Each structure stands twice: as structure tokens, then as C-alpha cells.
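This is what each chain is made of:
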Amino acid sequence: MKLFRRSRGTQWQTLVLWGLATLLAPGAERAMVSSRGAVATVHPLATQAGMKALEQGGNAIDAAVTAALMLGVVDGHNSGLGGGCFILLRTAGGEVVAIDARETAPALATPDMYLLPTPDGKPAVDQRASKTGARAVATPGALAGYALALEQHGKLPLSQAAAPSIHVAEQGFALDAVYARRLDASREELVLFPATKSLLFKEDGRPLQKGDTLRQPDLATTLRAIAQDGVRAYYEGEFATRVGDWMLANGGVLRRGDLAAYQPKLRQAIHSTYRGYEIIGFPPPSSGGVHVAQILNMLEPFPMATLAEADRLHVLAEAMKAAFADRAHWLGDPDFVRVPRGLLNKDYARSLASRITPGGAACTLLQHGTPPQADTDVFGGLRKHTTHLCAADAQGNWVAITQTINTAFGSKVIVPGTGVILNNEMDDFAAAPQVPNAFGLVGSEANAPGPRKRPLSSMSPTLVLKNGQPFLAVGGAGGPTIISQTVQHLVAVLDLKQSMTDALGSPRLHHQWAPDELRMESAFGGPLIDAMKQRGHAVREAGSPGIGVSQGLRRDEANGAWEAAADPRLPQD
Ligand code: DON
């Protein structure tokens, strides 16, 4: 079943054949291919900037970073210099690199920083502080990640990758429907911060509308300083001073020193297998790679390709439920807590999957499982609103980047003179055990805030190899739904042999254990939704625009042609 039915049958179904079809399909300008490579992002200007980098002799890493920087200008409600990212890449020579440019909590962060004293002594959580304003902001990492990727694996200098972004920040661009809608929805909080207000609102007090030109001279100045002086201009220069001073004056805990101390980290990517394919995912502090692999491991015993659709959806929902129960208990920053590697163990997955019956009823899962050697075999570290983009090139370099400032417009804060929208990634910590965050996610002490700790993420940039060669890159935005989106895209392509375009166009479901509800896109249709209700799932329907936003690339196994696909859920304009 497809979410977006197309009028031309199978011709429409694949977005292969060197760019011809990308002119026709939904999301086409956001997904482009040429003889030099392929790029997929959520915004045509970012995709074009990436393609241009390829034309100018850059490789997929240059294309991805150029596009990522441009997204910070034209899609700033989702990501930008004020946020963080995970970069997963595989070089033409076969090296796999995972760059963790996730934000870190400021040094002054404490586990109880969002708790309020109450008369009866029972702590209550200050729901606002981790989401909006000065105290929501974690130390941004994205720029340091881009610079590291370019330095180690790109061909173009940072100044060249930033040039198109500087141009568009300065000259302006027409707001699309998504930006305008997000702006309108966040307006009450955005106007609280004068620099944010003066950037995004008209003199009569109304937010900019679709089609209005957004010029960002301060952001252009910040970008130009970076192009001239490198990342030091941001982490140790005027940007850091302005941010540190503003935070001090406005009750924040982020300091200039936090920026100066920020370091991206090189992590060991997660390598797992699914029906003979090699799945490469991002390790903690993302939960994405762990749980995409864990859910796939749980699915492996089931004949996903031939199960009746309701049975397949039921198996998916139950597997997601078990993985998210583990996420809530075990996951956190591996530099601070012990995250068991046994979560990836296939026998452990089989034991969790043994209680799933394709034709059976929804089960209530009271608590997490316990993977083997949970205390001793742990991820490296202790042993001593988001967007996804992909790029690939003719040499065989592949890149998947998921980047974010967290929810729409992050903390809503622009420090005057910088033009940079700062993240609210502190909300990805668990403010208190079992207290849900903006995405309804609960966590344990493993994900409590702490000095310089990285908040747990669901971002899941993923690469898939077949016979040792990359053939797919995928990932998404949507908080926890990123994990279930990614799994469903992999099942669609690897099990159901769909094109990437069809995989992204298919209806999605999501279960995150707590709350115990199954979110299903309305596009599944009444009979399937009823079938899931009859099995005992507490279904909550997700209407338009649906669950999450994903982008993907695929290389056709038969003829080697690239397919680039952007999520059809985003409107065309
Ligand atoms: O890292 C995470 O998991 C979240 N900060 C992602 C937020 C997100 O996807 C918002 N997008 N719609």
C-alpha cells in the first residue's frame, strides 16, 4: 500500500534512471542525481548546493556538508549551526567513519536542573525550562562535525562549502509552506526573544508568510567569519563571546568555556546484519543505531516479505515496543553510563521476539529486558524538529547525516548579532526518571543531565552494504519515530523489494512502549487500522502530514543507477 498513489503505475514507482524521474516524482527537486552522484535533502536549495559541490570537483562528503550548511539557512527551524548532528560515512576505500557532533550539556548542568521545589517535597519538573529559552540550550556541535568530516575526508575547504550558504543568508530566499507553518505555530514563544522576533516577524507583528523573503545578515556574518577563520571563529571567537555573555545575562548555564571545550568524537559505527545485508548504524549517544539493529534482529525470524499486511504490522509494532522499553532503561551517553552491547545480540533479540505471534494479540510489556553481559560488555567510553540528508558520489563515497536543533526553532533563542537559532537539546535528557520529554519519551538515570554529557538521541543515519558494497543510505526526522521510520524503510526495500521512493511513500506506524499506544498513519486505511485495534493495540491515528520526514538514496542492484528520494509528506512548495 502506498501513501501517495501515483497515476502512472510502475513507471512512477522508481526514481532511478539518472535524474529523469526526479523531475516528475513528489519531492523531486529535493532529490537529485547526475553522473557525478546523488543528493537528497528536505529543501531544493540545499540539494542544489550539494549537487553543485559535486560539479565543482567535490566528493560526497563535500556535497553533504555543503547541503547541511545550507539547510541551516533555508530550513533553520529544523537544524543549523546552533544544533548538532551525527555524520555516518563510508569512503570509496571502504573506511566507515561515525562523527558524533551531538550537543553537550554545559559544565554547569546538573541532574536536578529541571526539578522545582514543591511544598510537599515531591519534586516536580519545570517542563518549560528544558524546551524554551536560555536553560534549554546545550553546546552546539554541528559545525565542529562538518569541519572534521571535510578535513579528514572531503576535498573542498570549509570556506567553499560555506559559500553558497553565505550567499543565500545574505540575499534571502522565499519561505516555503513548511517554514511558514512552523513559524506560525511557534510564534508565541519566538516573539519572547528580541533578535528572533526581529528576524522572523514583520513590523506589523505578523510572522513572515509563505513566499516572503527571509534575509539573514547576522547569520551571513557568522558564516563569513567561519569561512575566513575556521571553526575557531565560532567556538572561541565573537560568536562564543556573544553567546556566553547573553547566557550569563539571561539565566542560562551555557558559558563561553563550554564552546571553547567542545569536541566532536569519532565513534565506532554499529555493524549488524539483516538477511545477509550489512547494516551500519550510529552508536550511542544515539539510540538509533542500537534499536534499528535490535528491531531488525527481532524481525529476522519472521517471513516479513510474505506475512499478511496486518500480521507484518503487528510484528513491527511489538518489536518496536520491546526495543523502546530497553531504550528507556539502558540508553544514555556511553562516556557516562554503561550501555550494554548485548542489546545487539541476536539470541537476545530472538528471546524478545519469542513472545511475538504474527496472528496474535498486542501484549502489555511491563518492563525492559536484560541483554547478556549487561554490566561488562558495554559501548566504548566507560571501558576506560531535525533533518536527514544523504549524498553519494561516482567514486563510491556515501554519507548519511542527521542534524537537528531538536523541536521547531529549538530554544527559540537567537543571541543578538549572531543570527544563529540555538537548540533546545537539553530536553532530550530525562529531566526526572519516567517524566516524558517533548516526544513523550521516558528515560532512566542513564539519561539524566550532567556536566558535558550528551543527551540521548534517536537520530539514525544508516548505510546498508550488500556483498561489501554500499547500496542504500537512509534516515529521518521525527524524534523517536526516526527509529521506526528507518526500520520500516529497511523492511520495505530489503524485504519487500520496494524502491526507495515507494518505501518513503508507504504509510508508517510507531510504537515507543511508553505511552502504550500504536500510532498509525491514516493512510493505512480503515480495515488495517481496525485489524490492529482488534488485536488489542491502542491505536492513535496520525493524520496529515503523517509520521516523520525521511530521505534516502539507493543504488539499483541490477543496473547500478542511483535513486534519490525525499519524503513525499512535505508539500511541494
Ligand atoms: O536527537 C533526537 O532524537 C531529537 N532531538 C530529534 C528531534 C527531531 O527529530 C525533531 N523532528 N522533527
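In this text the structure is predicted, and so the values were computed from the model without any measurement.

Taken as a whole and judged by the stated rule, the model has seven aromatic pairs. Judged by centre distance (5.8 Å) and plane angle (15°), the rings of Tyr235 and Tyr262 are stacked. Linking Tyr235 in helix 10 (residues 232-235) with Tyr262 in the loop between helix 12 (256-261) and strand 9 (265-267), this pair joins segments that are 27 residues apart in sequence. The residues Tyr235 and Tyr262 share a single accessibility class, namely buried. Taken together, Tyr234, Tyr235, Phe239 and Tyr262 form an aromatic cluster joined through their ring pairs. Residue placement shows Arg341 over the ring face of Phe379; its charged tip is 5.1 Å from the ring centre. The ring centre of Trp562 lies 4.0 Å from the NZ or CZ of Arg555, which sits over that ring.

Judged by nonpolar contacts, the single largest core of 85 residues is most densely connected at Leu69, Leu81, Ile87, Tyr146, Leu183 and Leu200. The element best represented in this core is helix 3 (residues 60-74), accounting for 12 residues. Those residues in contact with Ile87 that sit more than four places away from it in its chain are Val97, Ala98, Ile99, Gly145, Tyr146, Ala149, Phe282, Val399, Ala400 and Ile401. Core analysis: the next-biggest nonpolar cluster, separate from the first, contains 67 residues, Val290, Ala293, Val315 and Leu344 among them.

This paragraph deals with the side chain of Glu425. Topologically, Glu425 is positioned in the loop between strand 13 (398-404) and strand 14 (462-466). Residue class for Glu425 comes out buried when judged on its relative accessible area of 0%. Glu425 has contacts with Arg102, Glu103, Ala136, Ala138, Thr404, Ile405, Asn406 and Pro455, leaving out every residue within four places of it along the chain.

Rules used in this analysis
- Residues numbered from 1 in each chain as written.
- Predicted model: local features only at pLDDT ≥ 70, side-chain atom pairs only at ≥ 80, totals over all residues.
- Heavy atoms only, no water.
- Phe/Tyr/Trp six-rings, centres within 6.5 Å; stacked < 30°, edge-to-face > 60°.
- Helix = DSSP H or I, 4+ residues; strand = E, 2+ residues; numbered from the N terminus.
- Buried < 20%, exposed > 50% of the residue type's maximum accessible area, 1.4 Å probe, protein only.
- Lys NZ or Arg CZ within 6 Å of the ring centre and 35° of its normal.
- Core = buried A, V, L, I, M, F, W, Y, C linked by side-chain atoms within 4.5 Å.
- Contact = heavy atoms within 4.5 Å.

Remember, this is a structural readout, not a statement about activity or role.
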